[in-house]
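What follows is the residue order along each chain.
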Amino acid sequence: MILALMIHDRGVVEETAWQALTMARRLADDLGVPLHALWVGDGIDPSSVGAHGVDTVHVASGDGFDDYSPQAWARAVAGLLAAHEPAAVVAIGSDRGNEVMAHVGAITGLPMVANVREVEPGATWKLLRTRWGGSLLEETDLDAATKLLTVAEHAVAVELAAQASTPQVVPFEVDLDEGDLITKVIDRVVTSDGITLATAPVVVSGGRGVGSPEGFAPLEELAALLGGVVGCSRVVTNNGWRPHSDQVGQTGTVVAPDLYIACGISGAIQHWVGMMASKTIIAVNTDSEASMVTKADYAVLGDLSEIVPAIIDEVKRRRSA
Ligand SMILES: Cc1cc2nc3c(=O)[nH]c(=O)nc-3n(C[C@H](O)[C@H](O)[C@H](O)COP(=O)(O)OP(=O)(O)OC[C@H]3O[C@@H](n4cnc5c(N)ncnc54)[C@H](O)[C@@H]3O)c2cc1C
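Rules used in this analysis
Residues numbered from 1 in each chain as written. Predicted model: local features only at pLDDT ≥ 70, side-chain atom pairs only at ≥ 80, totals over all residues. Heavy atoms only, no water. Near = heavy atom within 4 Å. Polar contact = N/O pair within 3.5 Å; in protein donor to acceptor, adjacent residues only side chain to side chain. Areas by Shrake-Rupley, 256 points an atom, 1.4 Å probe, with all protein chains shown as cover. Helix = DSSP H or I, 4+ residues; strand = E, 2+ residues; numbered from the N terminus. Nonpolar A, V, L, I, M, F, W, Y, C, P; charged D, E, K, R; others polar. Axes fitted to C-alpha atoms, helices over the stretch in contact; angles between N-to-C directions. Parallel < 35°, antiparallel > 145°, perpendicular 65-115°, else oblique. Left-handed = near helix turned anticlockwise from the far one by under 90°. Contact = heavy atoms within 4.5 Å.

Colleague: Looking at this model, I keep getting lost on the site of the ligand. Mind explaining?
Modeller: Taken together, 26 residues are adjacent to the ligand, and Arg 208, Ser 233, Thr 251, Ser 266 and Asn 285 come closest. Note that a nitrogen atom of the ligand is positioned 3.3 Å from one of the backbone N or O atoms of Thr 286. Contact distances for the ligand include 2.9 Å between a nitrogen atom and a backbone N or O atom of Leu 304. For the ligand, the protein covers 74% of the area, taking 980 Å² as the surface of the free molecule. Elements with a minimum of two residues in the shell around the ligand: helix H6 (234-238), helix H7 (269-272) and strand S15 (280-285). Along the lines of polarity and charge, the residues of the shell around the ligand split into seven nonpolar, 15 polar and four charged.

Below, the structure written as structure tokens:
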């Protein structure tokens with residue numbers, strides 16, 4: 001069987017986790033084996049995975065599964081793996097997906113391949129995966145009793161199964177040690193009204209060119225007008241102008257909004273890989289040679305402290321017209 005680990009946050013499936021489930025189903029179809037899913041904790045809606053053709057959902061429960069805890073989740077995966085010996089365990093290559101699967105690799109001693117884009121099963125599996133924050137494609141051979149894979153976010157388009165299933169739900173208990181819960185969620189701070197950086201349809205992002213924490217006020221206003229959120233580059237978080245939760249890029253959040261407006265961001269590769277999947281990219285920059293400007297769909301050359309308020313005025317004018 002192929003086992004898909006569903007990454008969720010207290011019952012809300014990570015948007016990109018459906019991409020990993022799509023790849024898992026294709027693998028199961030290719031190999032002619034059943035597709036199982038693993039859900040850790042509460043909140044499973046079996047019909048949601050049934051739409052993807054999942055035959056069986058294993059639901060892990062036990063003290064410590066009330067919120068995210070990477071090693072505890074990995075114990076649940078390792079337990080199932082020992083009992084069922086799947087051909088592969090597939091999770092999304094999000095922060096949490098990669099973190100849990102790395103723990104699974106450490107617990108089981110099996111090799112784990114992160115950020116896979118394509119899989120060709122065979123005697124030895126041939127994988128294509130992204131490395132170095134997406135700037136390098138690597139062909140990898142993988143040979144292991146059970147393959148541990150994470151799927152690069154946005155590498156696979158979500159596709160429902162031709163035939164939906166009614167999955168069998170199989171609960172199982174996992175005994176955890178205190179040490180398994182050494183890393184766990186202990187607090188949550190809500191920063192925006194339900195829209196997160198990872199899922200917002202519009203991201204108005206600022207870099208060093210914004211100049212100060214106060215300089216983000218017009219970006220906040222534009223983001224609110226467009227139903228989006230503010231993002232930023234690492235220089236901004238390093239300077240303490242914005243929290244790390246706003247950072248886009250290799251060491252921040254990977255985003256793929258409909259519209260990404262990069263204000264005063266040069267477009268360094270570590271930033272680019274975090275937003276290159278955006279459908280439309282607009283650069284606002286004083287430098288016509290900046291990488292963000294040359295790669296964007298549209299560029300506005302000039303000082304962002306003049307251009308962003310001008311865009312705000314124009315949006316308001318058109319809305320009131
Ligand atoms: C291992 C590693 C991981 C990293 N991870 C990340 C990451 O996740 N995310 C990330 O963003 N970076 C990351 N970086 C840092 C990255 O390499 C760059 O240093 C960073 O992205 C640059 O930020 P910036 O574009 O804001 O600043 P700069 O590169 O300094 O660019 C500022 C831009 O603003 C423009 N500008 C200046 N003033 C104005 C103005 N008034 N109006 C309009 N434009 C103006 C300039 O022309 C310039 O293009 C990482 C680096 C490393 C080594």
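On we go from here.
Colleague: Is there a simple way to think about the packing of helix H3 (residues 70-84) against helix H4 (residues 95-108) in this case?
Modeller: Geometry of a packed helix pair, given as the angle between the helix axes and the separation of the axes. Axis separation between H3 and H4 bottoms out at 8 Å; the angle between their running directions is 55 degrees. Classified by the interaxial angle, the pair formed by H3 and H4 is oblique. For the element pair H3 and H4, the recorded crossing hand is right-handed. In this structure, H3 uses Pro 70, Gln 71, Trp 73, Ala 74, Arg 75, Val 77, Ala 78 and Leu 81 to contact H4, whose residues at the interface are Glu 99, Val 100, His 103, Val 104, Ile 107 and Thr 108. Across the contact of H3 with H4, the residue classes break down as nine nonpolar, three polar and two charged.

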